[in-house]
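Structural overview
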Amino acid sequence: MPYKAIKEIGEFGLIGKISEIAEPTLKATPDLLYGIGDDCAVYKVSDTLFQVATTDILVDQIHFDLLTTPIKHLGNKAISVNVSDICAMNALPRYALISLAIPPAFTVEMIEELYRGMQHAALQYGMAIAGGDTSSSRSGLIISVALVGDVPPERVTLRKGAKPGDLVCVSGALGGAAAGLRLLMREKEIMLEHIENNEPYNRNVMADLQEYPEAIQRQLLPLARLDTVRFLDINGIIPSSMIDISDGLSPDLRHICSQSGTGALIHENRIPIHAETRTIADEMQQDALTWALTGGEDYELLFTVSKNFSGLIDDSRDISIIGEITEPEAGIRITDIYGMTIDLTSISGFDHFQT
Ligand SMILES: [Mg+2]
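Residues numbered from 1 in each chain as written. Predicted model: local features only at pLDDT ≥ 70, side-chain atom pairs only at ≥ 80, totals over all residues. Heavy atoms only, no water.

1. Digging into the coordination of the magnesium ion
Convention followed: Here a donor is an N, O or S atom found within 2.8 Å of the metal, or within 3.2 Å if the metal is Na, K or Ca; sites may look incomplete because water is not among the atoms. Helix and strand labels come from DSSP, where a helix needs a run of H or I of at least four residues and a strand needs a run of E of at least two; each type is numbered from the N terminus. Each residue gets one of three labels from its accessible area relative to the maximum for its type: buried under 20%, exposed over 50%, partly exposed in between, using a 1.4 Å probe on protein chains only.
All of the protein donors around the magnesium ion are Asp39 (OD), Asp85 (OD) and Asp244 (OD); their distances to the metal are 2.0 to 2.1 Å. Positions of the donor residues of the magnesium ion, expressed as sequence spacing, correspond to D-x45-D-x158-D. Of the two residues, Asp85 sits in helix α2 (residues 71-87) while Asp244 sits in strand β8 (residues 241-244), which places them 159 residues apart along the sequence. Summarising the burial analysis for this pair, Asp85 and Asp244 share the class buried.

2. What to know about the domain arrangement of the protein
Interface extent is often summarised as the accessible area lost during association of the parts. The condition that has to hold: Each domain's extent is set by a domain assignment, obtained either automatically or from a database. Here, residues are in contact when the closest pair of their heavy atoms is within 4.5 Å. Computed with a 1.4 Å rolling probe, the buried area is the accessible surface lost when two parts are put together, summed over both parts. By salt bridge we mean one thing: a side-chain nitrogen of Lys or Arg within 4 Å of a carboxyl oxygen of Asp or Glu. Two N or O atoms count as a polar contact when they lie within 3.5 Å, although within protein this holds only if one can serve as hydrogen donor and the other as acceptor, and sequence-adjacent residues are included solely when both atoms are side-chain atoms.
Along its sequence, the protein is carved into domain 1 (6-155), domain 2 (167-177 + 219-343) and domain 3 (183-213). Just the C-alpha atoms count here: the centres of domain 2 and domain 3 sit 33 Å apart. Counting residues at the interface gives seven residues for domain 2 and six residues for domain 3. It is Glu276, Glu283 and Met284 that lose the most area in domain 2 upon contact with domain 3, and together they represent 64% of the buried surface on that side. Glu283 serves as the salt-bridge partner of Arg186, at 3.0 Å between the closest nitrogen and oxygen. If you look at where domain 2 meets domain 3, you find two residue pairs in polar contact (both at pLDDT 80 or more).

3. Some words on the environment of Leu249
Note that Leu249 resides in helix α8 (residues 249-260). Residue Leu249 is classed as buried on the basis of its relative accessible area, which comes to 0%. It is 20 Å that separates the C-alpha atoms of Leu249 and Leu232, two residues lying 17 residues apart in sequence. Filtering out sequence-adjacent residues up to four positions away, Leu249 remains in contact with Leu174, Ile266, Ile271, Ala292, Leu293, Leu302 and Ile322.

4. A word on the nonpolar core
Where a protein is soluble and globular, its nonpolar side chains tend to be buried together. Selection criterion: Definition of nonpolar core: a set of buried residues of the types Ala, Val, Leu, Ile, Met, Phe, Trp, Tyr and Cys, connected through side-chain atoms within 4.5 Å.
One finds Ile79, Ile143, Phe303 and Ile313 to be the most contacted residues of the largest nonpolar core, which totals 51 residues. Each of domain 1 (6-155) and domain 2 (167-177 + 219-343) gives at least three residues to this core. Those residues within four positions of Ile313 in sequence are excluded, and the remaining contacts are Cys169, Ile237, Phe303, Val305, Ile319 and Ile321.

5. Topic: helix α3 (residues 108-125)
Here is the rule we go by: By this rule, a helix spans an expected 1.5 Å times one less than how many residues it contains. The arc under discussion is defined with respect to the helix axis, by the directions toward the C-beta atoms.
For α3, which comprises 18 residues, the first-to-last C-alpha distance of 26 Å matches the rise-based estimate of 26 Å (1.5 Å per residue) to within 8%. Of all the residues in α3, the buried ones are Ile111, Leu114, Gly117, Met118, Ala121, Ala122 and Tyr125. For α3, the angular spread of buried residues about the axis comes to 135 degrees, placing them on one side. When the buried face of α3 is taken as reference, the exposed residues oriented beyond 90 degrees from it are Val108, Glu109 and Leu123. Packed against the buried residues of α3 are α2, β4 (92-102), β5 (128-136), β6 (142-151) and α7 (226-234). Phi turns positive, to about 70 degrees, at Gly126, one or two residues after α3.

6. Description of the packing of helix α4 (residues 176-196) against helix α9 (residues 275-283)
Selection rule: Note on geometry: axes are C-alpha line fits, over the in-contact stretch for helices, and angles between N-to-C directions span 0 to 180 degrees. Here roughly perpendicular refers to angles of 65 to 115 degrees, roughly parallel to angles under 35, roughly antiparallel to angles over 145, and oblique to all remaining angles. By convention the crossing between two helices is left-handed if the near helix lies anticlockwise of the far one by an angle smaller than a right angle, and right-handed if it lies clockwise.
One can describe the packing of α4 onto α9 by two numbers: an axis separation of 9 Å at closest approach and a directional angle of 45 degrees. As judged from the angle between their axes, α4 and α9 are oblique. Relative to α9, α4 is oriented so that their crossing is left-handed. Between α4 and α9, the contacting residues are Gly176, Ala179, Leu183 and Arg186 on the first element and Thr277, Ile280 and Glu283 on the second.

7. Observations regarding the pairing of β4
Here is the rule: When DSSP locates at least two bridges between a pair of strands, those strands are taken to pair.
Here β4 runs beside β6; their pairing, made up of nine bridges, is antiparallel. The residue of β6 that forms the bridge with Tyr95 is Val148. Here β4 pairs with β5 via eight bridges, running parallel. Note on β5: the bridge partner recorded for Tyr95 is Ala128.

8. Notes on a negative patch on the surface
To keep things clear, this is the line we draw: Within the patch definition used here, like charges are joined within 9 Å and nonpolar side chains (Val, Leu, Ile, Met, Phe, Trp, Tyr) within 5 Å, considering only residues with over 30% relative accessible area and no salt bridge. For the area figures, the Shrake-Rupley method with a 1.4 Å probe applies, and any residue is considered shielded solely by the protein chains shown. Residues scored as positive are Lys and Arg, those scored as negative are Asp and Glu, and His as well as the terminal groups of each chain are ignored. Think of each charge as sitting on NZ of Lys, CZ of Arg, CG of Asp or CD of Glu.
On the surface, a cluster of negative charge is made up of Glu189, Glu193, Glu196 and Glu199. Looking at where Glu193 falls in the secondary structure, it is placed in helix α4.

9. Section: the sheet that holds strand β11 (residues 319-326)
An order of β8-β10-β7-β11-β9-β12-β13 is seen for the seven strands of this open sheet, with the pairing classed as mixed. The sheet is open, and its two edges are formed by β8 and β13 (341-343), each paired on a single side. The average undirected angle you get between the axes of adjacent strands in this sheet is 25 degrees. In the sheet, strand β9 (residues 263-267) pairs with β11 via four bridges, with the strands oriented antiparallel. Residue pairing for β11: Ala264 is matched across the bridge by Ile325.

As structure tokens, this is what we get:
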């Protein structure tokens, strides 16, 4: 077979191939300090200002389902997931460019709603929607957002830079977005069943969505952790490495370790999972820890800091210290609640080309 299916090499394999081809172009601009391989590219504007740039695409039926997603929330999320990548560089968001491919059945009002969600998020994060492009689409809705952020040179934080002995920290709580997604999927099945049986859709089945508003909100309206970036700044903390949790704690910690050339040891009982997520997992006979490790889409920040900062981190009730960076030979491991240490690398996250 002369041709290879993309699923044979997966999303990260494909990014590797693309990086090789892009590599020679990087020399064209000496001010580009970091290209493919982190949450954002980094370039020098002046001696006192660097900028970071990122782009994320949201595709109907891959990243969202309009049956379970209000279109205004979708606009909000499209901005938040990009701001999250800016936060992962320890930067602040500034300007967004938005490209849309719109199916013919869409109305003007739907696109206005989408943009109202984007406007709401942009105002919340203190950034501007500065331009974009629109096209028609022969398949579903496609939203592509490109975002530029500012960061003082001394505060730029890459995925590489973690050192043995550093503390592994995570903002907020994990697993909620995965729990919310499962609830929405269950809701959709019930809805489709009613349609198939020609029964009126009973709005009471929405009850469990109202019962678990936090998890639904985590899935539909994730919040980028700009507040954590500000907390770090105010307290004079510069992380040694950082990434946002888009794929799941396990694969995202692996990115930090592989780029920093280290191992890590984290502790199950220190991983922040909120009560609602545990209740939903129990109800669905699923495992909340697995959702936290591989569910993804939580958009919390995973970062490492020198032990000198442990007191300051403890002062923030919203940041958990979940473990420590180790020498690479030790691998990436997790200690479970019984004290057993397990290899974490076998647990992977979501790959769009493997499903
Ligand atoms: Mg990211």
